[in-house]
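# Descriptive analysis of the structure
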Amino acid sequence: MSASPLTPAFPASQTLSVPDRLAVRLGHAGLVPFVLGALLAMLVRADVLPYVVLSLSVYAGMIVSFLGGIHWGILMMARDATPRRLVWAVTPSLFGWVSVVMPPHAGLVIQALLLIVCYLVDRRVYPAYGLSKWLTLRFRLTLVASMSCFLAAAAASN
């Protein structure tokens, strides 16, 4: 018997259904490069700016790829992978890669949009796997990370 797309094939007891204190702290720590990158993009000299925005762009691309990887992991555990879900699991990495090789001011805009799209997909997928309680943290992280990318892109395009 196979599980339906809305019924996970692994028990909720195997998941961290609520972000624990360490997960929240690590999530917030992951925002440091975003916030620092955006602040530096607005404060550094013009000759240093390309390095700052490139650094932030590479980090954002890695995080976007990580967000797709979460879906890959869910599908491996759930054993209910559909072609559409598998395609989504690799899509953030592919778009993240393309955005990293773009000029950073443009790539950062793409990455900010990708962070938002990843969150919107997670809002649809997480509840089916007992992960709804992660969405508040995901929203907060997405808000700060995407705004940081938008701000740095604006600073770099001036």
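The structure under discussion appears in the preceding block.
The following refers to the structure shown. (Residues numbered from 1 in each chain as written. Predicted model: local features only at pLDDT ≥ 70, side-chain atom pairs only at ≥ 80, totals over all residues. Heavy atoms only, no water.)

Let us now look at the environment of H28. In this structure, H28 sits in helix α1 (residues 21–29). Overall, the relative accessible area of 39% leaves H28 in the partly exposed class. Considering only alpha carbons, one finds H28 and R140, 112 residues apart in sequence, at a separation of 9.1 Å. Sequence-distant contacts of H28, defined by excluding residues within four places in its chain, comprise L137 and L141. (Helix = DSSP H or I, 4+ residues; strand = E, 2+ residues; numbered from the N terminus. Buried < 20%, exposed > 50% of the residue type's maximum accessible area, 1.4 Å probe, protein only. Contact = heavy atoms within 4.5 Å.)

Before going further, it helps to spend a moment on a nonpolar patch on the surface. A cluster of nonpolar residues, V35, L39, M42, L43, F139, L143, V144, M147 and L151, forms a patch on the protein surface that exposes about 800 Å² of accessible area. Put simply, the parts of the chain that give the nonpolar patch at least two residues each are α2 (32–43) and α6 (135–157). Residue contributions to the nonpolar patch peak at 5 residues, all from α6. Checked against the element boundaries, L43 lands in helix α2. (Patch = residues over 30% accessible without salt bridge, like charges linked within 9 Å, V, L, I, M, F, W, Y side chains within 5 Å. Areas by Shrake-Rupley, 256 points an atom, 1.4 Å probe, with all protein chains shown as cover. Salt bridge = Lys/Arg side-chain N within 4 Å of Asp/Glu carboxyl O.)

Moving on to the nonpolar core. Within the largest apolar cluster, 35 residues are counted, with the highest numbers of intra-cluster contacts made by F34, A41, L108, L115, Y129 and C149. Looking at this core, the elements that each hand over two or more residues are α2, α3 (49–78), α5 (104–125) and α6. A total of 10 residues in this core trace back to one element, the largest contributor, which is α3. With near-sequence residues (within four places) excluded, L108 lies in contact with V53, L56, S57, C149, A152 and A153. (Core = buried A, V, L, I, M, F, W, Y, C linked by side-chain atoms within 4.5 Å.)

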